[in-house]
Structures are given as structure tokens and as C-alpha cells.
Amino acid sequence: MDWRLLLVAFPVLAALSWVVFIIGRDALNQFQGAMKEFR
């Protein structure tokens with residue numbers, strides 16, 4: 001494994017996981033709000 005590949009891949013993976021976390025959190029909040037209105 002080339003260390004330069006890790007140097008590029010690590011920030012990209014970190015950013016991707018952060019984006020997935022934010023999208024998932026917002027989706028969960030919207031879902032909970034929709035469930036409250038539905039009841």
C-alpha cells in the first residue's frame with residue numbers, strides 16, 4: 001500500500017462519512033417530525 005494513496009484516501013473517506021452522518025441525522029429528524037404530525 002502506497003502511503004500517498006492513504007494520504008489522499010483518508011480525508012476523502014473522512015469527508016464522506018461526515019456527509020453520510022449529517023444526511024442521516026437530518027433524515028431521522030424529518031422522519032420523526034412526520035411521525036408526530038401523522039399521529
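Residues numbered from 1 in each chain as written. Predicted model: local features only at pLDDT ≥ 70, side-chain atom pairs only at ≥ 80, totals over all residues. Heavy atoms only, no water.

As named in an unreviewed UniProt entry, the chain is Photosystem II reaction center protein Y, taken from Candidatus Synechococcus spongiarum LMB bulk15M. The UniProt entry for the chain carries the following text under Function (unreviewed entry): "Loosely associated component of the core of photosystem II (PSII). PSII is a light-driven water plastoquinone oxidoreductase, using light energy to abstract electrons from H(2)O, generating a proton gradient subsequently used for ATP formation." Listed in UniProt under the heading Sequence similarities (unreviewed entry), the comment for the chain reads: "Belongs to the PsbY family." (UniProt positions renumbered as here; feature names shortened; annotations may be inferred.)

Q: Explanation requested: the overall build of the chain in the structure shown.
A: A count of helical and extended segments in the chain gives one helix and zero strands. Taken over the C-alpha atoms alone, the chain extends approximately 55 × 10 × 5 Å along its principal axes. Per-residue burial for the chain yields a buried fraction of 0% across its 39 residues. Accessible surface computed for the chain: about 3,900 Å², of which carbon and sulfur atoms make up 74%. (Helix = DSSP H or I, 4+ residues; strand = E, 2+ residues; numbered from the N terminus. Buried < 20%, exposed > 50% of the residue type's maximum accessible area, 1.4 Å probe, protein only. Areas by Shrake-Rupley, 256 points an atom, 1.4 Å probe, with all protein chains shown as cover.)

Q: Sorry if this is basic, but what is going on with a nonpolar patch on the surface here?
A: Taken together, the side chains of Trp-3, Leu-7, Val-8, Val-12, Leu-13 and Leu-16 define a hydrophobic patch exposed on the protein surface, amounting to about 660 Å² of accessible area. Examined against the element boundaries, Leu-7 turns out to sit in helix α1 (residues 3-38). (Patch = residues over 30% accessible without salt bridge, like charges linked within 9 Å, V, L, I, M, F, W, Y side chains within 5 Å. Salt bridge = Lys/Arg side-chain N within 4 Å of Asp/Glu carboxyl O.)

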